[in-house]
Amino acid sequence: MTSKIGPANGKIIIAPSILSADLWCLGQQVQTVREAGADWLHVDVMDGHFVPNLSFGPATVKSLNGRAQLPLDVHLMVRQPARFIEAFAKAGADLLTVHIEAQDDIKDVLLQIKKSGVKAGLSIKPDTDPKRLQPFLDLLDLVLVMTVQPGFGGQSFLPHSPQHIACVREQIDASARPIWLEVDGGINAQTARLAAQAGAHVFVAGNAIFAAQDIKGALQSLRQAATI
Ligand code: DX5
Ligand code: ZN
């Protein structure tokens with residue numbers, strides 16, 4: 001069964017990141033988070049150039065497609081992502097997010113994503129001015145505000161992140177378009193609350209979910225903290 005992603009309507013979305021999952025038993029881990037109430041599954045793609053790490057590719061998305069029974073939220077931390085849009089769309093991504101810093105002709109990449117029938121997201125790194133998103137809002141289904149430097153799980157939420165989130169929230173509200181505002185990096189019950197207060201409603205969490213003894217409890221406390 002393929003899960004179709006619904007519209008952005010302000011509902012709180014929890015998206016566990018499989019970067020922190022135990023890959024020995026990925027299927028089981030996905031089933032555990034789904035049964036614990038996860039809304040989406042976050043798949044981090046790294047190329048060793050845009051970020052100093054390597055992770056998953058289209059083959060991973062293809063294996064998860066249908067079986068995960070959760071919308072696949074694919075975060076491309078790669079240079080020149082245009083090269084890979086078709087492969088990820090074919091593999092079954094429901095949402096493809098590229099980085100504004102990764103390519104010059106971002107508008108073309110976003111159009112390419114939309115043409116392939118997938119929802120389009122744009123992400124900013126912690127040092128990027130959120131106002132740079134403005135020209136692209138018309139094309140976006142999601143904005144991803146990185147709350148750590150991308151590349152690794154288990155880092156601490158950067159303290160200036162709520163200002164970035166609030167600035168993006170203002171732009172989204174002014175656009176009056178249904179755009180998800182997602183945060184990623186160092187999200188736990190404490191920081192989810194700060195991000196929610198600043199205007200986020202999609203919460204990616206790796207370590208806070210997969211490293212927890214009680215995955216269901218961890219997911220529930222995240223949702224509770226994000227509900228303001
Ligand atoms: C970092 C990735 C994140 C990562 C988050 O570059 O984009 O999705 O998995 O992990 P935590 O929640 O552990 O910071
Ligand atoms: Zn991510």
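Residues numbered from 1 in each chain as written. Chains lettered and ligands numbered in written order. Predicted model: local features only at pLDDT ≥ 70, side-chain atom pairs only at ≥ 80, totals over all residues. Heavy atoms only, no water.

## So, the coordination of the zinc ion (ligand 2)
Octahedral metals with six donors have ideal donor angles of 90 or 180 degrees. Tetrahedral metals with four donors have an ideal donor angle of 109.5 degrees.
Line of reasoning, step 1. For the zinc ion (ligand 2), the full set of protein donor atoms is His42 (NE2), Asp44 (OD), His75 (ND1) and Asp184 (OD), at a range of 2.0 to 2.3 Å.
Line of reasoning, step 2. Read in sequence order, the donor residues coordinating the zinc ion (ligand 2) give the pattern H-x1-D-x30-H-x108-D. Within this pair, whereas His42 is found in strand E2 (residues 41-46), its partner His75 is found in strand E3 (residues 72-77), the two being separated by 33 residues in sequence.
Line of reasoning, step 3. The class of His75 is buried, set by a relative accessible area of 1%. (Donors = N, O, S within 2.8 Å, 3.2 Å for Na, K, Ca; no water. Helix = DSSP H or I, 4+ residues; strand = E, 2+ residues; numbered from the N terminus. Buried < 20%, exposed > 50% of the residue type's maximum accessible area, 1.4 Å probe, protein only.)

## Section: the packing of aromatic side chains
Line of reasoning, step 1. Evaluated as defined, the whole model comprises 1 aromatic pair.
Line of reasoning, step 2. Arranged with centres 5.0 Å apart and planes meeting at 85 degrees, the rings of Trp40 and Trp180 form a pair that is edge-to-face. Placement of the pair is Trp40 in the loop between helix H1 (26-35) and E2 and Trp180 in strand E7 (residues 180-184), with a sequence separation of 140 residues. Across the pair, exposure class does not vary: Trp40 and Trp180 are buried alike.
Line of reasoning, step 3. Of note, Lys125 hangs over the ring of Phe50, and the distance from its end group to the ring centre comes to 4.8 Å. (Phe/Tyr/Trp six-rings, centres within 6.5 Å; stacked < 30°, edge-to-face > 60°. Lys NZ or Arg CZ within 6 Å of the ring centre and 35° of its normal.)

## Comments concerning the side chain of Asp47
Line of reasoning, step 1. For Asp47, the location among the structural elements is in the loop between E2 and helix H2 (58-64).
Line of reasoning, step 2. Buried Asp47, no salt bridge; nearest opposite-charge side chain is Arg83, N-O distance 4.7 Å.
Line of reasoning, step 3. A polar contact is formed between the side chain of Asp47 and the backbone nitrogen of His49, at a distance of 2.8 Å.
Line of reasoning, step 4. One polar contact links the side chain of Asp47 to the main-chain amide nitrogen of Phe50, over a distance of 2.7 Å.
Line of reasoning, step 5. Not counting the four nearest positions on each side in its chain, Asp47 is found in contact with Asn53, Leu54, Met77, Val78 and Arg79. (Lys, Arg positive; Asp, Glu negative; His and termini not counted. Salt bridge = Lys/Arg side-chain N within 4 Å of Asp/Glu carboxyl O. Polar contact = N/O pair within 3.5 Å; in protein donor to acceptor, adjacent residues only side chain to side chain. Contact = heavy atoms within 4.5 Å.)

## Here's the deal with the pairing of E7
Line of reasoning, step 1. With 5 of 5 residues buried, E7 lies mostly within the body of the structure.
Line of reasoning, step 2. Of the two faces of E7, the one carrying Trp180, Glu182 and Asp184 and the one carrying Leu181 and Val183 are both buried.
Line of reasoning, step 3. Pairing between strand E6 (residues 142-146) and E7: 5 bridges, direction parallel. Within E7, the position partnered with Met146 by the bridge is Asp184. (Pairing = 2+ DSSP bridges.)

## Examining the site of ligand 1
Line of reasoning, step 1. Taken together, the neighbourhood of ligand 1 is formed by 19 residues, with Asp44, Gly151, Asp184, Gly186 and Gly206 sitting nearest.
Line of reasoning, step 2. In this structure, an oxygen atom belonging to ligand 1 sits 2.7 Å away from a side-chain N or O atom of Asp184.
Line of reasoning, step 3. Protein contacts shield 99% of the accessible area of ligand 1, which totals 380 Å² for the unbound molecule.
Line of reasoning, step 4. When atom positions are compared with the pocket grids, ligand 1 is found to occupy the largest pocket.
Line of reasoning, step 5. The set of elements that each furnish at least two residues to the shell around ligand 1 consists of E2, E3 and strand E8 (202-205).
Line of reasoning, step 6. Classifying every residue of the shell around ligand 1 by side-chain character gives 7 nonpolar, 10 polar and 2 charged. (Near = heavy atom within 4 Å. Areas by Shrake-Rupley, 256 points an atom, 1.4 Å probe, with all protein chains shown as cover. 1 Å grid on protein atoms, 1.4 Å probe; cavity = no way out; pocket = protein on both sides within 12 Å on 5 of 7 lines; lining within 4 Å. Sits in = over half its atoms within 2 Å of the grid points. Nonpolar A, V, L, I, M, F, W, Y, C, P; charged D, E, K, R; others polar.)

## Structural notes on the sheet that holds E2
Line of reasoning, step 1. One open sheet accounts for 8 strands, arranged E1-E8-E7-E6-E5-E4-E3-E2; its pairing is parallel. Of all strands in the sheet, those with a lone pairing partner are strand E1 (13-16) and E2, marking the two edges. Across this sheet, the average inter-strand angle for adjacent strands is 25 degrees, counted without regard to direction.
Line of reasoning, step 2. Against the sheet, helix H5 (residues 161-175) touches strand E5 (119-124), E6 and E7, its axis set at about 165 degrees to E7. (Axes fitted to C-alpha atoms, helices over the stretch in contact; angles between N-to-C directions.)

## Some points on helix H6 (residues 189-198)
Line of reasoning, step 1. Three or more residues of H6 are buried, namely Thr191, Ala192, Ala195, Ala196 and Ala198. Burial along H6 is one-sided: seen end-on, the buried residues are contained in an arc of 160 degrees. Across from the buried face of H6, at angles greater than 90 degrees, the exposed residues are Gln190 and Gln197.
Line of reasoning, step 2. Considering only its buried residues, H6 is in contact with H5, E7, E8 and helix H8 (215-226).
Line of reasoning, step 3. Capping the start of H6 is the job of one residue whose side-chain oxygen sits 3.0 Å from the backbone nitrogen of Gln190: Asn188.
Line of reasoning, step 4. Directly beyond the C-terminal end of H6, a positive phi value near 125 degrees is found at Gly199. (Arc of directions from axis to C-beta.)

## What to know about the layout of surface pockets
Line of reasoning, step 1. Reported here for the largest pocket is a volume of approximately 310 Å³.
Line of reasoning, step 2. In this structure, the largest pocket is lined by 26 residues; those nearest its centre are Gly153, Gly154, Gly185, Gly186 and Gly206.
Line of reasoning, step 3. Elements with a contribution of two residues or more to the lining of the largest pocket: E2, E8 and helix H7 (207-210).
Line of reasoning, step 4. Here the residues of the lining of the largest pocket sort into 12 nonpolar, 12 polar and 2 charged. (Points joined across faces, edges and corners; volume = space filled by probe spheres on them.)

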